[in-house]
Amino acid sequence: MHRLDDRRGAFAAQTEELKWENAVRTAVTGSLCLLVLIASMSSPHAQGSPQVQSSPSLSGTVSSDREGPMEGVLVSVKKAGSTITTTVVSDSKGHYGFPADRLAPGAYKLAVRAAGYALDGPDAITLAQGGPATADLKLKPAPITPDQVTNAEWLTSAPGPEDLKRAMLNCTDCHSLQRIFVSSHSSDEFLQVFDRMGGYYPGASDLQPQRLNGQHRRPAVDSALARKFADYLATLNLSTHAEHSFDLKMTPRATGDATRVIITEYDLPRKEIQPHDVIVDADGTVWFSHFAEQFLSKLDPKTGQVTDYPIPVLKPDHPKGTLDLEADPDGAIWVGLMYQGGMARFDRKTEQFRIYPLPKEWQTDATQQSHFSVAGMKADGKIWVKNSDHSQVLKLDPVSGVYVNLGSYSIPSTGKPIGIYGIYADAQNNAYILEFGNGGIGKIDAKTDAFAFYPTPTPFSKARRGRVDAQNRLWFAEFGSNGVAMFDPGTEKITEWKAPLEWESPYDVVADRYGHVWEVNESSDRLG
């Protein structure tokens, strides 16, 4: 698990953590990203503040013979016996520094991250009581290994047409592209892989290879493209040669403001944990959902201690795991039960669940509650829920436990069915549905159920996840067009911004209370 702090004024006397704002999310095995701002860019403490305002407990410079002082190098320390790793980033002069309140005296393991480099010197340091320590770090050239290459870097580096590269974005929902590029599959074998992959739950892993139930399958590779795609992948991997036939194009290291951060990582107690969504409650406690297990978990950000709360299993023969995680206005934690077929509400005081199963007569092997919204429930007492089976939109009354099925929706101008990814409510509890098959957003009126559809300016943008901000505007990720977009209900216009790096594939977007918008993606190792 990672915590990233904006360090513009991070060491000022007055700091404030964001509460109740959904964290930017990722679905990587054993890793969870929590975004916590210690001081906003618009905070009065941030303007013109130096990188470290208090005396650091550990500081130094990072350099190499090739570059001299190096900016954008990640410097990490982990205390012996601890589950918490703290990372800072070197500035334009190669300087790095850990704030005094982050590192207690003791023995620490030291590590760096910079593509094409390795630490040239001791990887351990002891911090004594009563004074700061200095460690100047020298780096030496080192080969880039496949596990250091992000999905975006594989896509940028690989030769070939954009349509075939774009097809690989469907693979990143379940695994990294490294798995493809280091494989030795032939074209015929890739065709078999395509067929086999369609039968796995998206939260499946090598440690938990869960299969879908019955005849239900995930969307298949387009039959018209399958052979061409298989041939293409076989030219990129190691099926016919020992090394890749193309040079790796690595993303430049962070510079400027992007180096003014502190990243805190938390080791989780079991290797098979796949945290998916994360939120921070009003008390500063971290909560995360499990993509492949039937748990809701909380984490103490000070100690790293994790507590698991087992969620009742409704359908033992179907895949286990949860996805969307939200806190309602009263502080209860809600989680979508995916293929278990329903919703769960967790009372933080009693530490008890209330389960809201879908009616049995509605359920099939494809029933899946991955996304929902409790944000506007104070307006009319209802919760919006998506059933991935035929992209149905449901309303849940949390008092009675009764669902109302509004059915599936189509794009008015074409009649094509809308493939919904995320669903989000505004202040009046009107629902936005994000169209993933092509690109656009639908709006359902909470009072009349009237429906309107707004296509994105960029075709095939694949609107994915997002959030409504304090001004009642919808921010959302454009996974297919590598951008972020905002819908203003006042003007009924969509504004788009493109990501600065190729193939980032934004997954989720959230606006913070200071007016900044953050995105996380499936393909790069950067937050935007």
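Note that the structure is predicted; figures quoted are calculated from it, not measured. (Residues numbered from 1 in each chain as written. Predicted model: local features only at pLDDT ≥ 70, side-chain atom pairs only at ≥ 80, totals over all residues. Heavy atoms only, no water.)

> Please explain helix 5 (residues 223-236) as it appears in this structure.
Residues spaced three or four apart along an α-helix face the same direction, because each turn holds 3.6 residues. With 14 residues, helix 5 extends 21 Å from end C-alpha to end C-alpha; this agrees with the ideal 20 Å at 1.5 Å per step. Elements that come into contact with the buried residues of helix 5 comprise helix 2 (162-167), helix 3 (178-181) and helix 4 (187-197). (Helix = DSSP H or I, 4+ residues; strand = E, 2+ residues; numbered from the N terminus. Expected span 1.5 Å × (residues − 1). Contact = heavy atoms within 4.5 Å.)

> Just checking my understanding: could you explain the pattern of salt bridges for this structure?
It is possible for side chains bearing opposite charge to pair when their charged atoms get close. Applying the stated criterion across every chain, the model contains 24 salt bridges. For K378, the salt bridge identified is with D330, shortest N-O distance 3.0 Å. In this pair, K378 is assigned in helix 6 (residues 377-380) and D330 in the loop between strand 18 (325-327) and strand 19 (333-336), connecting sequence segments 48 residues apart. Side by side, K378 and D330 carry an identical accessibility label, which is exposed. (Salt bridge = Lys/Arg side-chain N within 4 Å of Asp/Glu carboxyl O. Buried < 20%, exposed > 50% of the residue type's maximum accessible area, 1.4 Å probe, protein only.)

> What should I look at first to understand unusual backbone geometry in this one?
Trans peptide bonds make up most of the peptide bonds, and negative phi angles are found at most residues other than glycine. A positive phi is found at N482, a non-glycine position, where the angle reads about 60 degrees. Inspection of the secondary structure puts N482 in the loop between strand 31 (474-478) and strand 32 (483-488). The phi torsion at E492 lies on the positive side, around 55 degrees, for a residue other than glycine. Within the secondary structure layout, E492 lies in the loop between strand 32 and strand 33 (493-498).

> Sorry if this is basic, but what is going on with the pairing of strand 30 (residues 463-468) here?
Note on strand geometry: in a regular strand, side chains alternate between the two faces of the sheet. Taking burial as the measure, the six residues of strand 30 include six buried ones, the bulk of the element. Two strands pair when backbone bridges link them, and strand 30 and strand 31 are joined in this way by four bridges, in the antiparallel orientation. Each residue of the ladder has a partner; that of V468, found in strand 31, is L474. If you look at the hairpin formed by strand 30 and strand 31, you'll find five residues sitting between the two strands, and N472 has a positive phi there, around 70 degrees. (Pairing = 2+ DSSP bridges.)

> Sorry if this is basic, but what is going on with the nonpolar core here?
Buried together is how nonpolar side chains tend to be arranged in soluble globular proteins. Of all hydrophobic cores here, the largest spans 35 residues; its most connected members are M168, L177, F181, F229, Y232 and L233. Listed by contribution, the elements that provide at least two residues to this core are helix 1 (151-157), helix 2, helix 3, helix 4 and helix 5. A total of eight residues in this core trace back to one element, the largest contributor, which is helix 5. Those residues in contact with L233, other than ones at most four positions away along the chain, are M168, I180, F190 and F194. If you look at the next biggest cluster of nonpolar residues, it comprises 22 residues, including F98, I125, A133 and L139. (Core = buried A, V, L, I, M, F, W, Y, C linked by side-chain atoms within 4.5 Å.)

> Any chance you could explain the sheet that holds strand 29 (residues 451-455) here in plain terms?
What links the strands of a sheet is backbone hydrogen bonding, and the strands pair in either a parallel or an antiparallel sense. What the four strands build is an open sheet, ordered 26-27-28-29; its pairing is antiparallel. One side of each edge strand has no neighbouring strand; the edge strands of this open sheet are strand 26 (420-425) and strand 29. Pairwise comparison of adjacent strand axes, ignoring direction, gives a mean angle of 20 degrees for this sheet. Judged from the five bridges that link them, strand 27 (residues 431-435) and strand 28 (residues 440-444) form a sheet pairing that is antiparallel. Paired with L434 across the bridge in strand 28 is I441. (Axes fitted to C-alpha atoms, helices over the stretch in contact; angles between N-to-C directions.)

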